[in-house]
Amino acid sequence: MELYNTLVHKKSGFKAIRQKEIRMYSCGPTVYNHAHVGNFRAYIVSDTLRRVFEHLSYKVTHVMNITDVGQLVGDGNLGEDKLKQTARIEHKSAKEVAREYERLFIKDIKKLNIEMPSVIARATDHIPQMLNLIEKLDKKGYLYRAETGMYFDTSKFGDYGKLSGSDFKRLNASLMGGARVERPAGTRNITDFAVWRFSPADEKEMVWDSKYGRGFPGWHIECSAISMEYLGDHFDVHTGGVDHIQIHHQNEIAQSEGATGKKFVNFWVHNEFLKVNGSKMSKSLHNTYTIEDLEGMGISPQGYRYFVLTGHYRSIMNMTVDALKSAQRTIESIYSFIERISGSMPEGVPEKEFGAEIKKLGQEFFRRMEDDMNTPEALASMHALISIANKRNASRKLSNGDRDAVVAVLLEMDGVLGLSFKEHTATKPLSAEPRRLIEEREYARKSGDFGSADEIRRELRDRFGIIVEDTKDGPQWRRK
Ligand code: AMP
Ligand code: ZN
């Protein structure tokens, strides 16, 4: 597989460190607010990458953190902790806020059919690992004490800046070049960052004792400590949005490599941003849409996932209502195509030439996916397949043998697209009337009215050709 690696600023052949396993880390959400659709672009991209690896028969160990402490409101090193700020506004404890938004995040992840990471790790459950890493850095002379916390001296890490294609001197000079830069008292370089922050004496929540003083961890140290805890000092892939290249990921590299003296991550994969109507998503513009907002507009999570896949992950995408609606129409037309051909078909063995054609399109699809996840082109291969199968079906030449071959290739493609094709291959969904009768019968049965339940069962069979059976999981239906 070819993959663009931010670290070397080019596409290169992917090689796993271990033979059959890929270890991968994705920066997770800061759970102080609803995750927005832009965040989910990042998670759909990392999920697609994971699925491509799995299609290539790798076992993927995927770790994601949940930031439930330590990320400040302001850029750089200033401001209040985001979680504490929400807690203050919502009159809740920081922990309550964190758990609630974590729950909502996981709910959306499931709706979007994003595979659950092998490990989801909360920052607050890994304070000892972070302190351990901080002590290692301290022993190696990377840290110094300032008024507000323990800071990493970025001038001491030789490779600082390499991820963004810069270096320590140039970065600091360019940051100095702009408006006057505010920075915490006693810090030495603009790029220096806190690994441990001191808390005020009366702070009761989200504070931990350490040999440096009572406080809480900086945000960057969290990802270094959690990724190395579960994936080791040196692992394959780290993902995130492009906004994290210059600061967060650069700092992760400095901390991890500073502590271990080893290369941290082989491949850094970054997704570009999602914009809304040409603008950056921001609270002040009221354009930070959630998955629920989209659902309210008639855009399903699958429709949004499809929309994300129509763009290359390294291109900026612009979300508009029209683009979302068009994605929704397309995904629905794919589903209805699958449902249409999933019914009974003329008997017949797969036709050779047709079989060869769909096989070729299947191979083309995966070649494109393995070429730096070229999802828009891969989707074009999938649409080409649907189009020829549709034509064959319209002229009544699609046999059940051909159909099975088409569905098999589509399901294989869906293994990496994650668009839930399988759910549409079974039987066509029921229309409203039989659905209502099934519910009515279940109500009768539950209230002990078995006479009515039997009568409705007969009606379903005679009028709609639907057989209902009671199982331990409730009533199940099939077509006669
Ligand atoms: P955060 O909680 O801010 O760390 O964001 C979670 C993930 O979403 C990170 O990988 C970010 O880089 C990514 N992200 C944030 N905003 C956007 C956006 N508008 N488009 C794409 N990715 C984003
Ligand atoms: Zn991170």
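Calculation rules
Residues numbered from 1 in each chain as written. Chains lettered and ligands numbered in written order. Predicted model: local features only at pLDDT ≥ 70, side-chain atom pairs only at ≥ 80, totals over all residues. Heavy atoms only, no water. Buried < 20%, exposed > 50% of the residue type's maximum accessible area, 1.4 Å probe, protein only. Helix = DSSP H or I, 4+ residues; strand = E, 2+ residues; numbered from the N terminus. Pairing = 2+ DSSP bridges. Right-handed = clockwise from strand over helix to strand, strands pointing away. Donors = N, O, S within 2.8 Å, 3.2 Å for Na, K, Ca; no water. Tetrahedral: all angles 85-135°; square planar, octahedral: opposite > 155°, others 65-115°. Salt bridge = Lys/Arg side-chain N within 4 Å of Asp/Glu carboxyl O. Axes fitted to C-alpha atoms, helices over the stretch in contact; angles between N-to-C directions. Contact = heavy atoms within 4.5 Å. Core = buried A, V, L, I, M, F, W, Y, C linked by side-chain atoms within 4.5 Å. Domains from an automatic or database assignment.

## Focus on the pairing of strand S4 (residues 59-66)
Consideration 1: Of all 8 residues that make up S4, 7 are buried, and the element is covered over most of its length.
Consideration 2: In this structure, strand S3 (residues 21-26) lies alongside S4, joined through 6 bridges in parallel fashion. Residue pairing for S4: Ile22 is matched across the bridge by Val60.
Consideration 3: With helix H1 (residues 37-55) bridging S3 and its parallel neighbour S4, the resulting β-α-β unit is right-handed.

## Comments concerning the coordination of the zinc ion (ligand 2)
Ideal donor angles around a metal are set by the shape: a four-donor tetrahedron calls for 109.5 degrees, a six-donor octahedron for 90 or 180 degrees.
Consideration 1: For the zinc ion (ligand 2), the full set of protein donor atoms is Cys27 (SG), Cys223 (SG), His248 (NE2) and Glu252 (OE), and the range of their distances to it is 2.0 to 2.8 Å.
Consideration 2: Taken together, the 4 donor atoms coordinating the zinc ion (ligand 2) and their angles of 76 to 132° define a geometry best described as irregular.
Consideration 3: Donor residues binding the zinc ion (ligand 2) come from one chain and are separated in sequence as C-x195-C-x24-H-x3-E. Taken together, the residues Cys27 in the loop between S3 and H1 and His248 in helix H7 (residues 245-260) connect sequence positions 221 residues apart. Each of the two residues, Cys27 as well as His248, counts as buried.

## Describing the pattern of salt bridges
Consideration 1: A complete count under the given rule lists 35 salt bridges for this structure.
Consideration 2: Note that Lys92 is salt-bridged to Glu90, the shortest N-O span being 3.3 Å.
Consideration 3: Taking the relative accessible area as the measure of exposure, Lys92 reaches 38% and is therefore partly exposed.
Consideration 4: In this structure, the salt-bridge partner of Arg441 is Asp470, at a minimum N-O distance of 2.8 Å. In this pair, Arg441 is assigned in helix H14 (residues 432-446) and Asp470 in strand S14 (residues 466-471), connecting sequence segments 29 residues apart.
Consideration 5: Classification of Arg441 by relative accessible area gives buried; the value is 2%.
Consideration 6: Several salt bridges converge on common partners, so that one network encompasses Asp47, Arg50, Arg51, Glu54, Glu115 and Arg305.

## Quick word on the sheet that holds strand S5 (residues 119-122)
Consideration 1: Strand order in this open sheet of 5 strands is S5-S4-S3-S10-S11, and the pairing throughout is parallel. Looking at strand neighbours, the two that pair on one side only are S5 and strand S11 (265-271), the edges of this open sheet. Across the sheet, the mean angle from the axis of one strand to that of its neighbour is 20°, orientation sign disregarded.
Consideration 2: Taken strand by strand, H1 contacts S3, S4, strand S10 (235-241) and S11, and its axis lies near 180° from that of S3.

## Comments concerning the nonpolar core
Consideration 1: Counting residues in each nonpolar core, the largest one holds 121 residues, and the members touching the most others are Tyr304, Met382, Leu410 and Phe421.
Consideration 2: Both domains that furnish three or more residues to this core are identified here as domain 1 (2-271) and domain 2 (327-424).
Consideration 3: With residues near it in sequence (within four places) discarded, Leu410 still touches Phe337, Ile338, Met382, Leu385, Ile386 and Phe421.
Consideration 4: By size, the runner-up hydrophobic cluster in this structure holds 6 residues, among which are Leu437, Ile438, Ile466 and Val468.

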